[in-house]
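So the chains spell out like this:
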Amino acid sequence: MITHRYAVIGNPVAHSKSPLIHAAFAKQFNLEVRYERVLAPLDGFSATVTRLIAQGYKGVNVTVPFKFEAFNLATQHSNSALNAEAANTLTFAHEIYAENTDGIGIVRDIQENLNVKLAGKKILLLGAGGAAQGVLHPILEAHPRLLVIANRNANKAFAMAEKAQSQPVFSHISITGQGFENLETQAFDMIINATSAGLSDSALPISHAIFSKGGLAYDMMYGRETPFMKEARAHNMIVADGLGMLVEQAAEAFYIWHGVRPETRSVMNMIKQLPSPSLEQ
Ligand code: ATR
């Protein structure tokens, strides 16, 4: 039997749970899949992909800091990759196909695993970097009533919001961008933290007025309780980390490569029970 080879490429990558997740998925279908961690030098992403293709790999997941390079290296792009302007899944055939499953991953985790619907909601997206851009479109496609993008550098939030609002398909949604300082006037049904502030244990300079009792506070980071999560919990919000998103984005990549949809809840539980914390997203 031919064993197809896949990998996750990142730098760092040693902490990545993706091999465990893909192995658990493959087991559900008795598939022979080999999925490894590949550390690429910071200036060697493209060379690493070329080597893996030559060695017969069928595809890779891409993590920090290579999602933009992965997008640029690809010769075909799905809408999900075009919207995110970044790729977390590459498939090698005659061409290099880029897709981005992060946004589908977070929307599925929120709507199906956490059972919180996005339609009609007032949503605050914190951050305007790659992680925020990666999930923006799928969130808007779920029809929230209002989306505010807030970022330390307000201009980035403003530009991101303006670009999204200019698309006719989102004209029914109020999309605005701003800095953190003007947030005190409204509470949100849902707050999604897409900043990397939690990596350094930094609290965000945000007003407590944004937290609404019973609303959802979602941090895309996983493996640690960030200051954002602690504050939201103190304000009686439902708090979730990004573990479900990690597993759901992997499930979507698995579907792209193998044509079958794995069951995710048991895999989330398995990852939760692992001892070492992880910072991957
Ligand atoms: P990623 O791919 O994780 O999104 P990124 O593109 O470098 O990485 O974006 C990091 C995001 O986290 C940005 O929104 C950044 O804010 P700025 O655009 O103002 O730099 C935000 N961020 C990082 N550290 C932060 C901190 N300590 N406080 C507030 N925001 C922070």
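Worth saying up front: this structure is predicted, and the values here are computed from it rather than measured.

A.B. asks: I'd like a rundown of unusual backbone geometry, residues and numbers included.
C.D. replies: With an omega of 5 degrees, the peptide bond running from Asn-11 to Pro-12 counts as cis. Structurally, Pro-12 can be placed in the loop between strand 1 (4–10) and helix 1 (18–28). Cis peptide bonds are those with omega within 30 degrees of zero, and the linkage from Val-64 to Pro-65 qualifies with 0 degrees. With respect to the helices and strands, the residue Pro-65 is situated in the loop between strand 3 (59–62) and helix 3 (67–73). Although it is not a glycine, Asn-115 sits at a positive phi angle of roughly 60 degrees.

A.B. asks: Break down the packing of aromatic side chains for me, citing the residues and quoting the values.
C.D. replies: Following the criterion strictly, the structure yields six aromatic pairs and no others. Centroid distance Phe-211 to Phe-228: 6.3 Å. Interplanar angle 45 degrees. Geometry classified as tilted. Of this pair, Phe-211 sits in the loop between strand 10 (190–193) and strand 11 (216–219) while Phe-228 sits in helix 8 (residues 227–234), and the two are 17 residues apart along the sequence. Here the aromatic cluster, defined as three or more aromatic residues joined through ring pairs, consists of Tyr-6, Tyr-35 and Trp-257. Over the ring of Tyr-255 we find Arg-261, and its NZ or CZ is 3.8 Å from the ring centre.

A.B. asks: If you had to explain the site of the ligand to someone new, which residues and values would you point to?
C.D. replies: In the vicinity of the ligand there are 15 residues, among which Gly-130, Ala-131, Asn-151, Arg-152 and Lys-156 approach most closely. Take Asn-151: an N or O atom from its side chain is 2.7 Å from an oxygen atom of the ligand. Backbone polar atom of Asn-153 to an oxygen atom of the ligand: 2.9 Å apart, as the coordinates give it. With the chains in place, 71% of the 640 Å² that the ligand exposes on its own is no longer accessible. Among the residues making up the shell around the ligand, the classes are represented as five nonpolar, eight polar and two charged.

A.B. asks: Describe in detail the environment of Thr-63, supporting the description with residues and values.
C.D. replies: In this fold, Thr-63 is placed in the loop between strand 3 and helix 3. Judged by its relative accessible area of 6%, Thr-63 falls in the buried class. Distance in space between the C-alpha atoms of Thr-63 and Asn-11 is 7.7 Å, their sequence separation being 52 residues.

What counts and what doesn't
- Residues numbered from 1 in each chain as written.
- Predicted model: local features only at pLDDT ≥ 70, side-chain atom pairs only at ≥ 80, totals over all residues.
- Heavy atoms only, no water.
- Helix = DSSP H or I, 4+ residues; strand = E, 2+ residues; numbered from the N terminus.
- Phe/Tyr/Trp six-rings, centres within 6.5 Å; stacked < 30°, edge-to-face > 60°.
- Lys NZ or Arg CZ within 6 Å of the ring centre and 35° of its normal.
- Near = heavy atom within 4 Å.
- Polar contact = N/O pair within 3.5 Å; in protein donor to acceptor, adjacent residues only side chain to side chain.
- Areas by Shrake-Rupley, 256 points an atom, 1.4 Å probe, with all protein chains shown as cover.
- Nonpolar A, V, L, I, M, F, W, Y, C, P; charged D, E, K, R; others polar.
- Buried < 20%, exposed > 50% of the residue type's maximum accessible area, 1.4 Å probe, protein only.

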